[in-house]
Amino acid sequence: VQGAMLLGVALWSASICFTWPILEALVSEHEEPRNLPNRVGLYNVVWAATMGLAQMTGGWLFENLGPASLFWLPLSIHAVQLAATWPLKARHDAWLATAAPIQADHTGHAAVARPPYFKKLAWIANPLA
């Protein structure tokens, strides 16, 4: 049972690598540069608060929902996160349909304006994650 629990937690932890960055990108994409820090900050506060809440209520959930909740509860939460990508993707596709075409730079690559602080934030956050 302990091996199955360890494997389940490891798989769930690895699987969130496929949802959290995608959700953050979809939530913050096409935001005005002045609103982007607020949007990213709000997203990070929400997931950090829910992870903190999970840590504080984990024992109670285990005792009241039973040992099997170690498997079905994270799976349910992950399914909800995955389902949340479809409306966000629809919003993204609608934006692409109305957006002006992206101009290519002299190398033939699309010119993408990224705020410099976003890259610096990634340099700090990714190793710490």
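This section reports on the structure supplied with the text. As the structure is a prediction and not an experimental result, all values here were calculated from the model. (Residues numbered from 1 in each chain as written. Predicted model: local features only at pLDDT ≥ 70, side-chain atom pairs only at ≥ 80, totals over all residues. Heavy atoms only, no water.)

## Comments concerning the overall build of the chain
Then, number 1: A tally of regular secondary structure across the chain gives 5 helices and 0 strands.
Then, number 2: Tracing the chain from N to C terminus, the helices and strands come up as α-α-α-α-α.
Then, number 3: Going through the 129 residues of the chain one by one, you find that 15% of them count as buried.
Then, number 4: Sequence-distant contacts, at least 24 apart, represent 62% of the contacts inside the chain between residues at least 6 apart.
Then, number 5: Here the chain has roughly 9900 Å² of accessible surface; of this, 71% comes from carbon and sulfur atoms. (Helix = DSSP H or I, 4+ residues; strand = E, 2+ residues; numbered from the N terminus. Buried < 20%, exposed > 50% of the residue type's maximum accessible area, 1.4 Å probe, protein only. Contact = heavy atoms within 4.5 Å. Areas by Shrake-Rupley, 256 points an atom, 1.4 Å probe, with all protein chains shown as cover.)

## Considering the layout of surface pockets
Then, number 1: Of the voids in this model, the second largest pocket is the one considered here, and its volume is about 860 Å³.
Then, number 2: As for the second largest pocket, its lining consists of 28 residues, and the residues nearest its centre are Trp12, Met51, Ala54, Pro74 and Ile77.
Then, number 3: Secondary structure elements with two or more residues in the lining of the second largest pocket: α1 (2-15), α2 (20-28), α3 (36-65) and α4 (69-98).
Then, number 4: At 12 residues, α3 tops the list of elements feeding residues into the lining of the second largest pocket. (1 Å grid on protein atoms, 1.4 Å probe; cavity = no way out; pocket = protein on both sides within 12 Å on 5 of 7 lines; lining within 4 Å. Points joined across faces, edges and corners; volume = space filled by probe spheres on them.)

## What about the nonpolar core?
Then, number 1: If you look at the biggest cluster of nonpolar residues, it comprises 7 residues: Ile16, Trp20, Leu23, Leu26, Val27, Tyr43 and Leu88.
Then, number 2: Here this core takes 4 residues from α2, the largest share from any one element.
Then, number 3: Those residues in contact with isoleucine 16 that sit more than four places away from it in its chain are Pro21, His78 and Gln81. (Core = buried A, V, L, I, M, F, W, Y, C linked by side-chain atoms within 4.5 Å.)

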